[in-house]
Every structure is written in structure tokens, then in C-alpha cells.
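Geometric and topological summary
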Amino acid sequence: QKEVEQDPGPLSVPEGAIVSLNCTYSNSAFQYFMWYRQYSRKGPELLMYTYSSGNKEDGRFTAQVDKSSKYISLFIRDSQPSDSATYLCAMSARGTGALTFGSGTRLQVQP
Amino acid sequence: EAQVTQNPRYLITVTGKKLTVTCSQNMNHEYMSWYRQDPGLGLRQIYYSMNVEVTDKGDVPEGYKVSRKEKRNFPLILESPSPNQTSLYFCASMAGHNSPLHFGNGTRLTVT
């Protein structure tokens, strides 16, 4: 079993929809949780970064961490075609250097 | 512009022919690392470096070498490439603990 599980998709939604992306993990030592966005032919870029449990909001993006369930989510409100990308969850016990990544969910937002 | 630059972007080679993928960052970051990305497996760390002349193995170091002689450069060396090293490779750097990880745009390597 992988340490971090993420549905690969693809997930196809109409423009304006609310998108929910999720990861589950097995290592209870993980304390730092991140979401990266990766466009085709580009490297991943950091979208959201949270420490321990709780919610964090940044514009149209909300990250949630539920450590008791070992489950993290990324919500995208009012999704746009420009949000079409692969979304990678990542987590670490020690900070952003030693990351364990999910395999990524490919999102397509249809205009 | 702050960036991580990898070269080449695409590389096709044959089994056993030594190759080097270069990585350079202009942000004066101490930490640099290499990842490979494969379908269904996500990003896996190959090697990382906390500072000049300090390198350590990641999760999948077999068949790879690195060096960190200067702060800005962190080349990835494949002494004898094999087809199972066909992958998309990313170099990354960060300023310090809990800082964002900055990725290059990747090198797609095919070993035949």
C-alpha cells in the first residue's frame, strides 16, 4: 500500500463548478501538507501549504486537513478552464524538503 | 527572474552511455533535490543536498549520482543508464526548512 493515495482521475467538470480533490495517507507522523499544481510540460508549483489539522483559504482555493481521518482535501470554487492541470498532494513529517507525493489527479474544466 | 533551470529538456540515449542532466538555481538556495515522476507513482526523490559538498540519498537513489560543488548547481549523473530510468526528471530547490519548493520545468529522458 502506498503511503499517500490519490485518485488519478481524470476529473472533468463544467466551468463554474466546485471541485473537490482528495488524498488519504497512512503515516501518522505527517504534519505538513501541501497541494501543488502542475501544468503540462511544466514543473509543479506550490498552491497551498498547511501545518497540522484545520482549514486554509486563499482566494478560490481552500485546503482542509483532517489528521484524525488521515485525509486532506483541496476545494476549488468557481472553477475556470485555466485551472485545468494535474494536482498533486504532498506531505512531510519534517517540512517541505522531504516530501511524499501523491500520484496526482488530472482536472479538466470544460468551458 | 527567480528560477530553476534544467538542461536538456529532452534526451534520448542508449543503454550504458553515461549522461549528465544539469540543474542551476539563481535564488541562492541551500537545499536542492532531484525527483523522478512516473505514471501512477507520482514524484519520488532521488537525491538531495542540504548545502555545498553535502548530499544524501532519497527514496530511489540506485543508478544515480549527484554532486554539489557550488551552491547554484546540482547535476544528476547516470553512469550507465538503463531503460527503467526512462522517466521525467525534476530538479527543485528551496531557501530553507518549510519554505516552498521551487521546481524546474523537467527533463524527459528516454533510454533505449
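Our subject is the structure listed above.
Treat the numbers as computed from the prediction; the structure is a model and nothing was measured. (Residues numbered from 1 in each chain as written. Chains lettered and ligands numbered in written order. Predicted model: local features only at pLDDT ≥ 70, side-chain atom pairs only at ≥ 80, totals over all residues. Heavy atoms only, no water.)

1. What about the overall build of chain B?
Quick note on the threshold: Counting from the N terminus, the helices are the DSSP runs of H or I reaching at least four residues and the strands are the DSSP runs of E reaching at least two. Atoms counted for the radius of gyration: C-alpha only. Globule rule: 2.2 Å times residue count to the power 0.38. Burial classification: accessible surface area is computed with a 1.4 Å probe over protein chains only, and a residue below 20% of its type maximum counts as buried, one above 50% as exposed, and the rest as partly exposed. For this analysis, residues touch if any pair of their heavy atoms sits within 4.5 Å. Computed with a 1.4 Å probe, the accessible areas rest on the Shrake-Rupley method; for each residue, only the protein chains presented here act as cover.
From N to C terminus, chain B includes zero helices and eleven strands. Reading the helices (α) and strands (β) of chain B from amino to carboxyl end gives β-β-β-β-β-β-β-β-β-β-β. Expected size for 112 residues packed as a compact globule is a radius of gyration near 13 Å; at 13 Å, chain B falls within 12% of this value. Taking the principal axes of its C-alpha atoms as reference, chain B extends roughly 35 × 30 × 25 Å. The buried share of chain B, taken over its 112 residues, is 48%. Expressed as a percentage of contacts within chain B between residues at least 6 apart in sequence, the contacts between residues at least 24 apart total 53%. Roughly 5400 Å² of accessible area belongs to chain B as shown, and the carbon and sulfur atoms make up 51% of that amount.

2. Concerning the state of the cysteines
Residues and elements named next belong to chain A. The cut-off we apply is this: We call a pair of cysteine sulfur atoms a disulfide when they lie within 2.5 Å.
For the coordinates displayed, the defined rule picks out two disulfides over all chains. Between cysteine 23 and cysteine 89 runs a disulfide, and the two sulfur atoms are separated by 2.0 Å. As the torsion about the S-S bond is roughly -100°, the cysteine 23-cysteine 89 disulfide counts as left-handed. Taken together, the residues cysteine 23 in strand S3 (residues 19-25) and cysteine 89 in strand S9 (residues 85-92) connect sequence positions 66 residues apart.

3. Regarding the interface of chain A and chain B
For the record, the criterion: Here the buried area means the combined drop in accessible surface, using a 1.4 Å probe, for two parts upon being joined, counting both sides. Whenever Lys or Arg places a side-chain nitrogen within 4 Å of a carboxyl oxygen from Asp or Glu, that contact is recorded as a salt bridge. Polar contact criterion, stated in full: a pair of N or O atoms within 3.5 Å, where within protein one must be able to donate a hydrogen and the other to accept it, and residues adjacent in sequence count only if both atoms are side-chain atoms. Residue polarity is assigned by list, with Asp, Glu, Lys and Arg as charged and Ala, Val, Leu, Ile, Met, Phe, Trp, Tyr, Cys and Pro as nonpolar; anything else, Gly included, falls into the polar class.
Taken together, the contact pairs 20 residues of chain A with 21 residues of chain B. Interface area for chain A against chain B, summed over the two sides, is near 1500 Å², with a carbon-plus-sulfur share of 49%. Where chain A touches chain B, the interface holds zero salt bridges. In this assembly, chain A and chain B are joined by four residue pairs in polar contact (both at pLDDT 80 or more). For the side of chain A that touches chain B, the secondary-structure elements that each account for two or more residues are strand S4 (32-38) and strand S5 (45-51) of chain A. Residue composition of the side of chain A that touches chain B, by class: nine nonpolar, seven polar and four charged.

4. Considerations on the nonpolar core
Heads up, the rule is: Here, nonpolar core means buried Ala, Val, Leu, Ile, Met, Phe, Trp, Tyr and Cys residues that are tied together by side-chain atoms lying within 4.5 Å of each other.
Judged by nonpolar contacts, the single largest core of 24 residues is most densely connected at A:Trp35, A:Ile72, A:Leu74, A:Tyr87 and A:Met91. Dropping the residues within four chain positions of it, A:Tyr87 is found in contact with A:Gln6, A:Leu21, A:Trp35, A:Tyr36, A:Arg37, A:Leu47, A:Leu74, A:Ile76, A:Gly104, A:Thr105 and A:Leu107. Of all hydrophobic cores here, the second largest spans 19 residues; its members include B:Ile46, B:Val66, B:Tyr89 and B:Cys91.

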